[in-house]
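# Observations on chain architecture
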Amino acid sequence: YFAAYLRTPPRQYSSADTTRLSLVHFCLQALDILGCLPGDGPETCGEVGSGDVYIDRGPIVEWIYSLQTLPVRSVDEASERIRGGGFKGGTYLGPIDDGDGGNGASHPRHPYDHSHLAMTYVAICSLRALGDDLSRVDAEAVLGTIRSLQREDGSFDAVSATADGGSDLEEGEARDLRFMYTAIATWYLLTRAGCSGGPATKEIDAEGDDRTIRTINIEAATEYIISCMAYDGSLALTPHGREGHGGSTLCGVASLRLMGVLDEVAHRLDGWKCDLVYWCVSRQYPLPSDRRDRGGEGKSAFEYDGYAGAGMQGRPNKLEDTCYSYWIGGTLHLLGESRLLNGQALREYVLSCQSPYGGFGKTVGAMPDLLHSYYSLAWLSLSNEGGCCDDELHAPGEDDAETIESIGRLRELDCALGIAKR
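Residues numbered from 1 in each chain as written. Predicted model: local features only at pLDDT ≥ 70, side-chain atom pairs only at ≥ 80, totals over all residues. Heavy atoms only, no water.

What follows concerns the overall build of the protein. Along the protein, the regular secondary structure elements total 16 helices and 8 strands. At a minimum sequence separation of 6, the contacts of the protein that also span at least 24 residues come to 69%. Just so you have it, the protein exposes about 18800 Å², and 49% of that area is on carbon and sulfur atoms. (Helix = DSSP H or I, 4+ residues; strand = E, 2+ residues; numbered from the N terminus. Contact = heavy atoms within 4.5 Å. Areas by Shrake-Rupley, 256 points an atom, 1.4 Å probe, with all protein chains shown as cover.)

Written as structure tokens, this is what we have:
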């Protein structure tokens, strides 16, 4: 499924052309978790079971690098602000820049042909999964752009919207915890995660840790995340009274973890962690009463009259959805509280959403898509850790040994970064 979509996605994905890089990201990260990407040598095949998965790494790496955008300095040169460094989501606005900063006559830069924080994050993650050393990433430009995109309140704009370094975004537009997370994760990958093999990053590190730390204002970013906290402990996308949501909660908690301040914030805000854990656990649909005690029934956790329950919802009064297995389950994992979930029942729900085509849908019977397929696998990988599936009361039957074994073979996930550990 993932290898086929990586080569030729169906026409239904044509509307996602502006973010095509994210589709590549989902495919590559899923194949990485499955352990079937090619190794670091010249081979083009990975393995799954007894078969080969053909993935030609070289052309994919070159295509990703072709999406790297050239930075421009701000109008005020004295400020030394760099804008536009990073990656864009696809070639929908024409070819890459011709090297003259967008002022040449051959390929003048389109006003909206700019880098995007989310696309920069998925580009770095994808290159990392493919075994690239990131030596061609203009890390100084990426980190400088991240620094220039941070606002005084700690939040981050998603894009440098115009070629001259300005921005025509409306106030508050494209600035929320999603872009906080992608900025922090990119910063972490380029300065803290052992990805400093490239000359550009080494040059930055040679200046000393202080310079890389100053790439972002950690204190302001932390306060912005705190301002997004809802009354029930969850995190909203934006500050001051918005409703909490599973996706934004994971983005905020993971950002705090990557900045190294999660424990400090939990200690400073008395009761917040308990409220958040309670909110997360409450997002799991309860098992129907006739399934809470299967004593003597002989039914396995993965087969019970065709019904799958106990999935996760993203917020109160919403339906189950496989992606929230990761968003909510991952939050509990980062908080060290995965054991409080009914992990076996959540596994059952996610597995029941797998289609005959190989991917996962958002609900039982839904057609699969790349986002839900990847985050379903991400949760299944996490379910091997933290004791969330150690509950003997809800343990699977002997008939499920093959399923349990296959889940156990998934590669370990770095939950804070949202990618397989390396």
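Taking 1.5 Å of rise per residue, the 13 residues of helix α4 (residues 117–129) would be expected to cover 18 Å, and the 19 Å separating its terminal C-alpha atoms lies within 8% of that figure. G131, located one to two residues past α4, shows a positive phi value of around 80°. (Expected span 1.5 Å × (residues − 1).)

Glancing now at the packing of aromatic side chains. Evaluated as defined, the whole model comprises 10 aromatic pairs. Taken together, a centroid distance of 5.1 Å and an interplanar angle of 20° make the contact between Y326 and Y375 stacked. Of this pair, Y326 sits in helix α13 (residues 323–334) while Y375 sits in helix α15 (residues 370–382), and the two are 49 residues apart along the sequence. What makes Y326 buried here is its relative accessible area of 2%. (Phe/Tyr/Trp six-rings, centres within 6.5 Å; stacked < 30°, edge-to-face > 60°. Buried < 20%, exposed > 50% of the residue type's maximum accessible area, 1.4 Å probe, protein only.)

A few words now on the layout of surface pockets. Estimates place the volume of the largest pocket at around 740 Å³. Around the largest pocket sit 27 residues that line it, and F26, R178, W327, L371 and Y375 are the ones nearest its centre. Looking at the lining of the largest pocket residue by residue, the class counts come to 17 nonpolar, 9 polar and 1 charged. (1 Å grid on protein atoms, 1.4 Å probe; cavity = no way out; pocket = protein on both sides within 12 Å on 5 of 7 lines; lining within 4 Å. Points joined across faces, edges and corners; volume = space filled by probe spheres on them. Nonpolar A, V, L, I, M, F, W, Y, C, P; charged D, E, K, R; others polar.)

The next subject is the packing of α4 against helix α6 (residues 177–191). Axis separation between α4 and α6 bottoms out at 8 Å; the angle between their running directions is 35°. The handedness of the crossing between α4 and α6 is left-handed. Note on element contacts: α6 touches α4 through F179, Y181, T182, A183, A185, T186, L189 and L190, opposite L117, A118, T120, Y121, I124, C125 and R128. Of the residues contributing to the contact of α4 with α6, the split by class is 11 nonpolar, 3 polar and 1 charged. (Axes fitted to C-alpha atoms, helices over the stretch in contact; angles between N-to-C directions. Left-handed = near helix turned anticlockwise from the far one by under 90°.)

The next point concerns the pattern of salt bridges. Following the criterion strictly, the structure yields 13 salt bridges and no others. D32 is paired through a salt bridge with R411; the nearest N and O atoms lie 2.5 Å apart. Here D32 is found in helix α2 (residues 20–33), whereas its partner R411 is found in the loop between α16 (401–408) and β7 (413–414), with 379 residues between them in sequence. The exposure class assigned to R411 is partly exposed, which follows from its relative accessible area of 26%. D32 is paired through a salt bridge with R422; the nearest N and O atoms lie 3.1 Å apart. Residue D32 is found in helix α2, and its partner R422 is found in the segment after β8 (419–420); the two are separated by 390 residues along the sequence. (Salt bridge = Lys/Arg side-chain N within 4 Å of Asp/Glu carboxyl O.)

Inspection of the secondary structure assignment puts M312 in the loop between α12 (272–281) and α13. Put simply, M312 and G246 are 66 residues apart on the chain and 9.4 Å apart in space, counted from C-alpha to C-alpha. Sequence-distant contacts of M312, defined by excluding residues within four places in its chain, comprise C280, R283, Q284, L319, E320, D321, Y324, S325, I328, L341 and L346.

As a further point, take the environment of A378. Its place among the elements puts A378 in helix α15. Residue classification places A378 among the buried residues on the basis of a relative accessible area of 0%. Separated by 35 residues in the primary sequence, A378 and L413 place their C-alpha atoms 6.8 Å from one another. In contact with A378, other than residues within four places in its own chain, are I33, Y326 and L413.

What follows is about the packing of α12 against α13. Axis separation between α12 and α13 bottoms out at 10 Å; the angle between their running directions is 145°. Of the two elements, α12 crosses α13, and the hand of that crossing is left-handed. Residue-level inspection shows L276, V277, W279, C280 and V281 of α12 in contact with α13, the latter providing I328, T331 and L332.

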